[in-house]
Amino acid sequence: MGDEEIIRRRLMIDGDGTGDARLMMMFMKQFIKWCSTDDTPQESQNQYDRLLTQLATIEHSSLKWKSIVDMNNEEIKNYELLREETSTNVEKACTAIEEAKQELEEARQVRRNRLEYDALARLIKEHPPRSDTANKLAHLTQHLHALKSKRDQLEEKISLRQKQLHVLVTSLHQLKQTLADDSITSASDDLCVIDEVIDLTGPAPTVTLSDSGMDTA
């Protein structure tokens, strides 16, 4: 048995320190003495009355402490109920706090979404509608196709002009070669003609009558 249990039992017996345990011990001693002594009836009656008075005092003290114990037990029960109620309220408060935190987080998320939606809406307002963009894109696509078609036509025309130029250059080379050949041939023919022509700048040839066919006799 520990010291705490001994002190608790002593306090339960002795009450608040008014000597209840000592009173009971004195009552037991006087009771034993009263039973063992041979007093006169009057003295025995007086002793008996004193014992009854002490017993009433002890009983009253016992009832008082019993009431105190009962009251303490009731208080303990009340404290237990209060503790359970407090625990329940604390659990409810914790649950409410968690729900409030979740609602706060959801509210923050909603606020972030609204800010993002507002920013996106402003960005959309700054740009033209999708239909205008689609029409512009279709127009640009059509214009691009037209440019590609025009480019193809120009490339075909350039290719044709390159071919014609190539034919022209080839013809010019052939003509140049032909003229060169003709110049060489003409120069050879001129040399032959010049050899056959009489040099008029030289002395006159002697002409005889026989050569002229006249009769000298």
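Above: the structure in question.
K.L.:
Give me a negative patch on the surface: which residues, what numbers.
P.N.:
A cluster of acidic residues, Glu-98, Glu-99, Glu-103 and Glu-106, forms a negative patch on the protein surface. Relative to the assigned elements, Glu-106 resides in helix H3 (residues 41-126). Accessibility expressed as a relative area gives 45% for Glu-106, which makes it partly exposed.

K.L.:
Kindly report on H3, identifying the contributing residues and their values.
P.N.:
Its 86 residues place the ends of H3 124 Å apart at the C-alpha level, agreeing with the 128 Å of an ideal helix rising 1.5 Å per residue. Residues Gln-47, Leu-51, Gln-54, Ile-58, Ser-61 and Trp-65 constitute the buried set of H3.

K.L.:
Any chance you could break down the environment of Leu-23 for me, citing the residues and the numbers?
P.N.:
Position of Leu-23 among the secondary structure elements: in helix H2 (residues 20-36). Expressed as a C-alpha distance, the spacing of Leu-23 and Thr-57, which sit 34 residues apart in the sequence, is 9.0 Å. Setting aside residues no more than four positions away along its own chain, Leu-23 makes contact with Thr-57 and Ile-58.

K.L.:
Go over a nonpolar patch on the surface with me, naming the residues and quoting the values.
P.N.:
Taken together, the side chains of Leu-165, Leu-168, Val-169, Leu-172, Leu-175 and Leu-179 make up a nonpolar region of the molecular surface, amounting to roughly 550 Å² of accessible area. With respect to the helices and strands, the residue Leu-168 is situated in helix H4 (residues 130-196). When its relative accessible area of 47% is taken as the criterion, Leu-168 is described as partly exposed.

So, how was this worked out
Residues numbered from 1 in each chain as written. Predicted model: local features only at pLDDT ≥ 70, side-chain atom pairs only at ≥ 80, totals over all residues. Heavy atoms only, no water. Patch = residues over 30% accessible without salt bridge, like charges linked within 9 Å, V, L, I, M, F, W, Y side chains within 5 Å. Areas by Shrake-Rupley, 256 points an atom, 1.4 Å probe, with all protein chains shown as cover. Salt bridge = Lys/Arg side-chain N within 4 Å of Asp/Glu carboxyl O. Lys, Arg positive; Asp, Glu negative; His and termini not counted. Charge placed at Lys NZ, Arg CZ, Asp CG, Glu CD. Helix = DSSP H or I, 4+ residues; strand = E, 2+ residues; numbered from the N terminus. Buried < 20%, exposed > 50% of the residue type's maximum accessible area, 1.4 Å probe, protein only. Expected span 1.5 Å × (residues − 1). Contact = heavy atoms within 4.5 Å.

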